[in-house]
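Geometric and topological summary
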Amino acid sequence: MTTTHSGPVSATGAGSSATPSPAKPSLTKRLLKIALALVVVLGGAYLVWRQRADLATAVQELSLGRVAIAGVLAIIGTMLIGQIWVALLHGMGIRPSLRDSHSVFYVSQLGKYLPGSVWPVVAQMQFGLRWGVARRTMLGANILFMGVVVASGIGMGALLLPWSSSEGLDRYWWLLLLLVPLAVCLHPRVVPGVLDWLFARLGREPLNVRLTARGLFTAIGWAVLAWVAFGLHLAVMMQSYASIGLLEVAAATGGMALAWAAGIAFIPAPAGAGIREGLLALTLGPIIGVPEALTVALASRVLLLLADVLLAALGAVVGRRTS
């Protein structure tokens, strides 16, 4: 039977009729939350400051209006990515409050800009302890999250890129071969079963949880919406160089989904740096030109960084206010 985690468990006995007043957080805990909020805000500000030249170039070449619209779409897409993680937690029977889960996700995402790209996983494993969730269970949730993002990204690329231009099928036919293996890997029992097998070989306790089909399909639905938002985010900036219609939006959506998936799969690159831009240059270059595609890709990276920083700052403030 799956246990539902909904926050701190009350220590009041079953026969007690009095409702105790909630304990105030200790001074040390409050100071740690304030320190975390400051680290997130200052660290995010530093990351943005490092990218100021690329942002200025993007505004100059693409126009402030298009950059602003693309920035809003970057925030929407990032929030939808967060919903994938929340849906998977719910599918595993882990149900913290929506505000708390979003706070943890957005704050932890700044860790992906460090070399190794595993720091969000480490952070979320630690945060999960306050929900009464074992680290290995949070590890399983994060592996499922990355699996859904990568598989849905490759799948979206396979479904859209071959048909996005007259030469698309000749260039991207090989993506179609991945659809069946991806569908098998996305079965709700495959990844948890593989993780249990690995833990058993390592002499560790199994996850003892399973992902519901509803949780998985909900997560995939959020992923599809995220890829559409990110595709529109690119298409708005591509309009500076060419006329954009449905086929070009399809190419942008499939290209971004595939590039994002490749960036996650290549773990050593912080936030997929270099990998994402290279694939976007390949997929968008035939439409607007390779130099222009690189400009759009770099502008996209800066805007997605800004979205991560803004949401992380909001998450840190919200997390500081929750007891």
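Residues numbered from 1 in each chain as written. Predicted model: local features only at pLDDT ≥ 70, side-chain atom pairs only at ≥ 80, totals over all residues. Heavy atoms only, no water.

When helices and strands are tallied, the protein shows 13 helices and zero strands. Helices and strands appear in the protein in the N-to-C order α-α-α-α-α-α-α-α-α-α-α-α-α. Residue pairs at least 24 apart in sequence account for 74% of intrachain contacts in the protein once pairs closer than 6 positions are excluded. Accessible surface computed for the protein: about 16,200 Å², of which carbon and sulfur atoms make up 68%. (Helix = DSSP H or I, 4+ residues; strand = E, 2+ residues; numbered from the N terminus. Contact = heavy atoms within 4.5 Å. Areas by Shrake-Rupley, 256 points an atom, 1.4 Å probe, with all protein chains shown as cover.)

This paragraph deals with the packing of aromatic side chains. Counted by the stated rule, this structure contains six aromatic pairs. Relative to Trp-260, the ring of Phe-230 has its centre 4.8 Å away and its plane inclined at 20 degrees; by these criteria the two rings are stacked. Of this pair, Phe-230 sits in helix 10 (residues 213-238) while Trp-260 sits in helix 11 (residues 246-265); the two residues are 30 residues apart in sequence, bridging distant segments of the chain. For the pair Phe-230 and Trp-260, a shared accessibility class is recorded, and that class is buried. By the ring-pair criterion, three or more aromatic residues cluster together here, those being Trp-85, Phe-105, Tyr-106 and Phe-145. (Phe/Tyr/Trp six-rings, centres within 6.5 Å; stacked < 30°, edge-to-face > 60°. Buried < 20%, exposed > 50% of the residue type's maximum accessible area, 1.4 Å probe, protein only.)

Let us now look at the side chain of Thr-283. Tracing the backbone shows Thr-283 in helix 12 (residues 275-288). You can call Thr-283 buried: its relative accessible area is 7%. At a separation of 3.4 Å, a polar atom in the side chain of Thr-283 contacts the main-chain carbonyl oxygen of Leu-280. Contact partners of Thr-283, with chain neighbours within four places excluded, come to Leu-161, Tyr-172 and Gly-255. (Polar contact = N/O pair within 3.5 Å; in protein donor to acceptor, adjacent residues only side chain to side chain.)

With that out of the way, let us pick up the confidence of the model for the protein. The predicted model of the protein has a mean per-residue pLDDT of 76, with 74% of residues at 70 or higher. Ranking the elements of the protein by mean pLDDT puts helix 1 (residues 27-50) last, at 52, and helix 10 first, at 94. The model gives residues 1-24 a pLDDT under 50, and that stretch makes 16 contacts with residues more than four places away or in other chains. (pLDDT = per-residue confidence, 0-100.)

You can see Gly-245 is positioned in the loop between helix 10 and helix 11. Residues Gly-245 and Ala-235, ten residues apart in the sequence, show an inter-C-alpha distance of 8.9 Å.

Among the surface-exposed residues, Trp-163, Leu-169, Trp-173, Trp-174, Leu-177 and Leu-178 lie close enough to one another that they form a single nonpolar patch of about 640 Å² accessible area. Position of Trp-163 among the secondary structure elements: in the loop between helix 6 (135-160) and helix 7 (168-176). (Patch = residues over 30% accessible without salt bridge, like charges linked within 9 Å, V, L, I, M, F, W, Y side chains within 5 Å. Salt bridge = Lys/Arg side-chain N within 4 Å of Asp/Glu carboxyl O.)

With that settled, the discussion passes to helix 3 (residues 64-91). For helix 3, spanning 28 residues, the distance from its first C-alpha to its last is 41 Å, which sits close to the expected 40 Å at 1.5 Å a residue. Directly beyond the C-terminal end of helix 3, a positive phi value near 85 degrees is found at Gly-93. (Expected span 1.5 Å × (residues − 1).)

Contact pair helix 3 / helix 6: the axes reach a minimum separation of 10 Å and the direction vectors enclose 130 degrees. The angle between the axes of helix 3 and helix 6 places the two elements in the oblique class. Remark: the crossing between helix 3 and helix 6 carries right-handed chirality. Residue-level inspection shows Ile-81, Ile-84, Trp-85, Leu-88 and Leu-89 of helix 3 in contact with helix 6, the latter providing Met-138, Ala-141, Asn-142, Leu-144, Phe-145, Val-148 and Val-149. Classifying every residue of the contact of helix 3 with helix 6 by side-chain character gives eleven nonpolar, one polar and no charged. (Axes fitted to C-alpha atoms, helices over the stretch in contact; angles between N-to-C directions. Parallel < 35°, antiparallel > 145°, perpendicular 65-115°, else oblique. Left-handed = near helix turned anticlockwise from the far one by under 90°. Nonpolar A, V, L, I, M, F, W, Y, C, P; charged D, E, K, R; others polar.)

Moving on: the nonpolar core. One finds Ile-81, Ile-84, Trp-227 and Leu-234 to be the most contacted residues of the largest nonpolar core, which totals 69 residues. Not counting chain neighbours up to four residues away, the residues in contact with Leu-234 comprise Ala-252, Met-256, Leu-280, Leu-284, Val-296 and Ser-300. Formed by five residues, the second largest nonpolar core is a distinct cluster that contains Leu-110, Tyr-113, Val-309 and Ala-312. (Core = buried A, V, L, I, M, F, W, Y, C linked by side-chain atoms within 4.5 Å.)

Within the fold, Leu-186 resides in the loop between helix 8 (179-185) and helix 9 (190-201). For the pair Leu-186 and Leu-144, spaced 42 residues apart in the sequence, the C-alpha separation amounts to 9.0 Å. Among all residues touching Leu-186, those that are not within four sequence positions of it are Gly-147, Val-148, Ala-151, Leu-216 and Ile-220.

Mapped onto the secondary structure, Asp-308 falls in helix 13 (residues 290-321). When near neighbours in sequence (up to four residues on either side) are disregarded, Asp-308 contacts Thr-78, Leu-110, Lys-112 and Tyr-113.

Opposite charge on two side chains lets them pair, provided their charged atoms get close. Under the counting rule described, the total for this entry stands at one salt bridge. The residue Arg-301 makes a salt bridge to Glu-277 at a minimum N-O spacing of 2.2 Å. With Arg-301 in helix 13 and Glu-277 in helix 12, this pair connects stretches of sequence that are 24 residues apart. According to the relative accessible area criterion, Arg-301 is buried, its value standing at 14%. We classify Glu-277 as buried; its relative accessible area is 7%.

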